[in-house]
Amino acid sequence: MTSILFVCLGNICRSPLAEGIALNLKDKYDLNIEIDSAGTGHWHVGNPPCENSITVANNNHIDISHLRARLIKKEDENKFDYIVVMDENNYTDLIAMGFKNVYKIGNYGGFEGADVPDPYFFDGFEGFDKVFEMLDISVRDFMYKERLIS
Ligand code: 4NP
């Protein structure tokens, strides 16, 4: 079974959104794939996604409130076919940990390799719509390019 792990720093803002969007596509296309997310930082392990991510997902008819943050571990490299990161820092951190199957989501959907901006440092809700839109387009394009959806 194909498996995808989305990774960001805290695993409470961006990667849970990417996971929710991919889970939504999995449902829609009835795909036999495994989807998960994790963070490179430990601060929020066990916590639900941030309120603003839950809200922007809800606004787009996706429920991510049940997701819980976890730390990435070395075994994830063998467990997942695709490790998909949100920004250059995530990429560098995973390469330093020895991961090889790392993809950057900004290379999909016409974003020319851009980072998904870290909304943790945004002022309130502003910016979360843009992050959702970027992930909605890039996650769909990633799954299309990897022939998981048509
Ligand atoms: P995320 O955002 O990586 O999109 O989940 C962050 C969440 C928390 C922190 C940093 C980024 N933090 O430093 O606690």
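What comes next concerns the included structure. (Residues numbered from 1 in each chain as written. Predicted model: local features only at pLDDT ≥ 70, side-chain atom pairs only at ≥ 80, totals over all residues. Heavy atoms only, no water.)

Quick word on the packing of helix 2 (residues 51-59) against helix 5 (residues 128-145)
Helix 5 packs onto helix 2 with a crossing angle of 60° between their chain directions and a minimal axis gap of 10 Å. When the interaxial angle is binned, helix 2 and helix 5 end up oblique. Regarding helix 2 and helix 5, the two cross each other, and that crossing is right-handed. Note on element contacts: helix 5 touches helix 2 through Phe128, Asp129 and Phe132, opposite Asn52, Ser53, Val56 and Ala57. (Axes fitted to C-alpha atoms, helices over the stretch in contact; angles between N-to-C directions. Helix = DSSP H or I, 4+ residues; strand = E, 2+ residues; numbered from the N terminus. Parallel < 35°, antiparallel > 145°, perpendicular 65-115°, else oblique. Left-handed = near helix turned anticlockwise from the far one by under 90°. Contact = heavy atoms within 4.5 Å.)

What to know about the sheet that holds strand 1 (residues 2-8)
An order of 2-1-3-4 is seen for the 4 strands of this open sheet, with the pairing classed as parallel. Where the open sheet ends on each side, the last strands, each with one partner, are strand 2 (33-39) and strand 4 (102-104). In this sheet, adjacent strand axes meet at a mean angle of 25° when their direction is disregarded. Looking at chain direction, strand 1 and strand 2 are connected through 7 bridges and run parallel. Bridge assignment links Ser3 to a residue of strand 2, and that residue is Glu34. The strands that helix 5 touches are strand 1, strand 2, strand 3 (82-85) and strand 4; relative to strand 1, the one it contacts most, it runs at about 150°. (Pairing = 2+ DSSP bridges.)

A closer look at the state of the cysteines
Two cysteines whose sulfur atoms are joined by a covalent bond form what is called a disulfide. Applying the stated rule across the entire model yields 0 disulfides. Cysteine Cys50 remains unbridged, with the sulfur of Cys13 as its closest cysteine sulfur at 3.2 Å. You can call Cys50 buried: its relative accessible area is 16%. (Disulfide = S-S within 2.5 Å. Buried < 20%, exposed > 50% of the residue type's maximum accessible area, 1.4 Å probe, protein only.)

So, the packing of aromatic side chains
Within the structure shown, the criterion is met by 7 aromatic pairs. Taking 6.0 Å as the distance between ring centres and 70° as the angle between the ring planes, the aromatic pair formed by Tyr103 and Phe142 counts as edge-to-face. Placement of the pair is Tyr103 in strand 4 and Phe142 in helix 5, with a sequence separation of 39 residues. Judged by relative accessible area, Tyr103 falls into the partly exposed class, the value being 27%. By relative accessible area, which is 0% here, Phe142 ends up buried. A centroid spacing of 5.3 Å and a plane angle of 85° characterise the contact between Tyr120 and Phe121, whose relative ring orientation is edge-to-face. The class of Tyr120 is partly exposed, set by a relative accessible area of 47%. Among the aromatic residues, those joined into a ring-pair cluster are Tyr82, Tyr103, Tyr108 and Phe142. Over the aromatic face of Phe99 sits the side chain of Lys74, whose NZ or CZ is 5.0 Å from the ring centroid. (Phe/Tyr/Trp six-rings, centres within 6.5 Å; stacked < 30°, edge-to-face > 60°. Lys NZ or Arg CZ within 6 Å of the ring centre and 35° of its normal.)

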